[in-house]
Amino acid sequence: MEKTSVTLQDIREAAERIRPFIRRTPLLREATLDNLLGCQVYLKPEMLQITGAFKLRGALSKILTLTPEERARGIITSSSGNHAQACAYAGQLLGIKVTVIVPDDTPHLKVSNARRMGANVILWERTYAERWKKVQQEVEEHGYSIVHAFEDYTVMAGQGTIALEIMEDLPDVETVLVPIGGGGLISGISTAIKESNPKIRVVGVQAANSDGFRASREAGQRIRIQSKPTIADGITCSMPTERPFQVVERYVDEIVSVEENDIREAVRQIAREAKLIAEPTSSVVVGALLAHKITVRPDEKVALVLTSGNWDIENIGKIFKDEPVPGVL
């Protein structure tokens, strides 16, 4: 029977399922950022996860539930890059054929990593709709099983395991900040948190140039916006899909958007103060506090989910030196 929601119990089961295959990332107390961000800062550095991003949690949660017959036929997904790498790694680990459809402007590092792990990488148009048309064509031709990056409750459950770890390491956490792209990550995290302790505040952060969730919440329904290019390429969102939107509306307290200059400054501060290489997609949560988009107290314990670090290092360096990044902005 197909699942119709994600629950705390699903997330706990996902944690048991994926535990042998993932890295339990630490929760780092980063006091050097307290004065700058206005709160007690705790960083959840998922760039230290295997494959350099949180996506492995959700991909494995789903793939490990496939039948032997489904595994034998292979899997397929579309991704802006990090989910592609996660599926490629899981396929290599479990002996499953993997095909991934990624935008033709995906950072080279993400494409090369997926290919290195044995995935068949097909470069396609950046738009979500066109990439998923290609996915459906491949499914019809080859019978692959789809491992969707965010429109799948079992994937959401895997991503929610991050929240279980945060709450275990910091039981008195007061606020958790999470980047929002497709919404699968914050769906899992907000479910785990609100079904464990509703008093913990969950805040989603988007890039202002592509903030479909924020605009949809403001409109009171899912709407499509005209996205502009953003340096946070992993969280573009012109319009939320149905399943994550329902969870986000139920459990996420606030959604804010961050401008490009604040995202760039966040990348610099994370590298300078925390000594972590965070891609811009990750850095929006720090950018939101830098730009005072969220009200916090100096004594408030705030956990920031840094989702990934898979960006061409040369371009990270350009951001650090405040130089233009080719192909973005």
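Procedures and definitions
- Residues numbered from 1 in each chain as written.
- Predicted model: local features only at pLDDT ≥ 70, side-chain atom pairs only at ≥ 80, totals over all residues.
- Heavy atoms only, no water.
- Helix = DSSP H or I, 4+ residues; strand = E, 2+ residues; numbered from the N terminus.
- Rg over C-alpha atoms; globule rule 2.2 N^0.38 Å.
- Buried < 20%, exposed > 50% of the residue type's maximum accessible area, 1.4 Å probe, protein only.
- Contact = heavy atoms within 4.5 Å.
- Lys, Arg positive; Asp, Glu negative; His and termini not counted.
- Charge placed at Lys NZ, Arg CZ, Asp CG, Glu CD.
- Pairing = 2+ DSSP bridges.
- Axes fitted to C-alpha atoms, helices over the stretch in contact; angles between N-to-C directions.
- Expected span 1.5 Å × (residues − 1).
- Polar contact = N/O pair within 3.5 Å; in protein donor to acceptor, adjacent residues only side chain to side chain.
- Salt bridge = Lys/Arg side-chain N within 4 Å of Asp/Glu carboxyl O.
- Phe/Tyr/Trp six-rings, centres within 6.5 Å; stacked < 30°, edge-to-face > 60°.
- Lys NZ or Arg CZ within 6 Å of the ring centre and 35° of its normal.
- Right-handed = clockwise from strand over helix to strand, strands pointing away.

Draft legend 1. Region of the structure containing the overall build of the chain. Within the chain, the regular secondary structure consists of 14 helices and ten strands. Scaling as 2.2 N^0.38, a compact globule of 329 residues should have a C-alpha radius of gyration of about 20 Å, and the chain matches this with 18 Å. Taken across its 329 residues, the chain has 61% of its residues classed as buried. In the chain, of all internal contacts separated by at least 6 residues, the share reaching a separation of at least 24 is 73%. Looking at charge distribution, the chain has the averaged site of its 40 positive side-chain charges lying 2 Å from that of its 43 negative ones.

Draft legend 2. Spotlight on the sheet that holds strand E9 (residues 254-258). Across the sheet, six strands lie side by side as E1-E2-E10-E7-E8-E9; this open sheet has mixed pairing. Strands at the two margins of the open sheet, each flanked by one partner only, are strand E1 (28-29) and E9. Two strands pair when backbone bridges link them, and E1 and strand E2 (residues 40-45) are joined in this way by two bridges, in the antiparallel orientation. Bridge pairing in E2 places Arg 29 opposite Tyr 42. The strands touched by helix H10 (residues 212-219) are strand E8 (201-207) and E9; relative to E9, the strand with the most contacts, the crossing angle is about 130 degrees.

Draft legend 3. View of the sheet that holds strand E3 (residues 75-78). With parallel pairing, the four strands of this open sheet are ordered in space as E5-E4-E3-E6. Looking at which strands have only one partner, the edges of the open sheet turn out to be strand E5 (120-124) and strand E6 (145-146). Here strand E4 (residues 98-103) runs beside E5; their pairing, made up of five bridges, is parallel. Note on E5: the bridge partner recorded for Val 100 is Val 121.

Draft legend 4. Here's a closer look at helix H8 (residues 153-169). A rise of 1.5 Å per residue sets the reference length of H8, with its 17 residues, at 24 Å; its end C-alpha atoms lie 25 Å apart and thus fit the reference within 8%. Of all 17 residues that make up H8, 15 are buried, and the element is covered over most of its length. Capping the start of H8, Asp 152 holds a side-chain oxygen 2.8 Å from the backbone nitrogen of Thr 154, two or three residues further along.

Draft legend 5. Structural view of the pattern of salt bridges. Following the criterion strictly, the structure yields 26 salt bridges and no others. In this structure, Glu 138 and Lys 134 form a salt bridge, with 3.1 Å as the shortest nitrogen-oxygen distance. Note that Glu 138 and Lys 134 are positioned in helix H7 (residues 128-142) at a spacing of four residues, about one turn of the helix. For Glu 138, a relative accessible area of 9% translates into the label buried. Taking the relative accessible area as the measure of exposure, Lys 134 reaches 14% and is therefore buried. The partner of Glu 254 in a salt bridge is Arg 201, and the shortest N-O contact between them spans 2.9 Å. Here the residue Glu 254 occupies a position in strand E9, and Arg 201 occupies one in strand E8, the gap between them amounting to 53 residues.

Draft legend 6. Spotlight on the packing of aromatic side chains. Within the structure shown, the criterion is met by zero aromatic pairs. Positioned above the aromatic ring of Tyr 42, the side-chain terminus of Arg 29 is 5.2 Å from the ring centre.

Draft legend 7. Seen up close, the pairing of strand E7 (residues 175-179). Most of E7 sits out of view: five of its five residues are buried. Of the two faces of E7, both are covered, the one formed by Thr 175, Leu 177 and Pro 179 as well as the one formed by Val 176 and Val 178. Across five bridges, the pairing between E7 and E8 is parallel. If you follow Thr 175 over to E8, its bridge partner there is Arg 201. Of the crossover connections in this fold, the one passing from E7 over helix H9 (residues 184-194) to the parallel E8 is right-handed. The sheet contact formed by E7 and strand E10 (residues 301-306) spans three bridges and is parallel. Residue pairing in the sheet places Leu 177 in a bridge with Leu 304 of E10.

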